[in-house]
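The residues making up each chain are set out below.
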Amino acid sequence: MENTSAKKRILLVDDDMDTCLTFKKMLEEQDFDVHAFVRPQDVLENFMPGTYDLVVLDIKMPNIDGIKLYHQLRKVDKNVKVCFITASEEYYIEHFPELKEEKCFMQKPISLNNFVDRVKLALAESTI
């Protein structure tokens, strides 16, 4: 079931509450429908295929890191577009080559404007 509404739906996962809420607010101000989680476990319990146009994952999180969460989400929805937030893109691409296909990494620290621009770009690329 694909999202056919005008608003793009984004799943945001970052274990830092302040970062998560700030990013959520910025995206909502750009008219996105954003579901934000600070606990990856909650994402796994609530994720449904075809629900989101884009998933934005922080890689470094306790208990379930963004890489493990990515693999779990892919088992449920192999077509979901994913962007990663990380301080070390090269490290993760080198050690997890399967991530290269996502082509969407946001380098920490990232300004709010650059974050929003990168999300818009990822959504535009996924519709081509």
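Undergrad: Provide a residue-level description of the pairing of strand β1 (residues 9–13), including the pertinent values.
TA: By the criterion of burial, β1 is predominantly enclosed, with four of the five residues buried. Sheet topology note: the β1/strand β2 (residues 33–37) ladder contains five bridges and is parallel. Bridging from a neighbouring strand, Ile10 pairs with Val34 of β2. Chirality of the crossover, the property in question, places the unit of β1, helix α1 (residues 17–29) and β2 among those that are right-handed.

Undergrad: How would you sum up α1? Please name residues and give values.
TA: Taking 1.5 Å of rise per residue, 13 residues should cover 18 Å, and α1 covers 18 Å from first to last C-alpha, within 8% of that figure. Here α1 has its buried residues at Cys20, Phe23, Met26 and Leu27. Summarising the axial view, the buried residues of α1 lie within an arc of 135°, below the 170-degree limit, and thus occupy one face. Counted as exposed and oriented over 90 degrees from the buried face of α1: Asp18 and Lys25. Asp31, located one to two residues past α1, shows a positive phi value of around 70°.

Undergrad: Explain the state of the cysteines to me, using residue names and the numbers behind them.
TA: One pass over the structure, following the stated rule, counts one disulfide. Here Cys83 connects covalently by a disulfide to Cys104, the sulfurs 1.7 Å from one another. Its torsion about the S-S bond being 80°, the disulfide of Cys83 and Cys104 is classed as right-handed. Within this pair, whereas Cys83 is found in strand β4 (residues 82–86), its partner Cys104 is found in the loop between α4 (89–95) and β5 (105–107), the two being separated by 21 residues in sequence. Side by side, Cys83 and Cys104 carry an identical accessibility label, which is buried.

Cut-off values and rules
Residues numbered from 1 in each chain as written. Predicted model: local features only at pLDDT ≥ 70, side-chain atom pairs only at ≥ 80, totals over all residues. Heavy atoms only, no water. Buried < 20%, exposed > 50% of the residue type's maximum accessible area, 1.4 Å probe, protein only. Helix = DSSP H or I, 4+ residues; strand = E, 2+ residues; numbered from the N terminus. Pairing = 2+ DSSP bridges. Right-handed = clockwise from strand over helix to strand, strands pointing away. Expected span 1.5 Å × (residues − 1). Arc of directions from axis to C-beta. Disulfide = S-S within 2.5 Å.

By themselves these figures say nothing about function.
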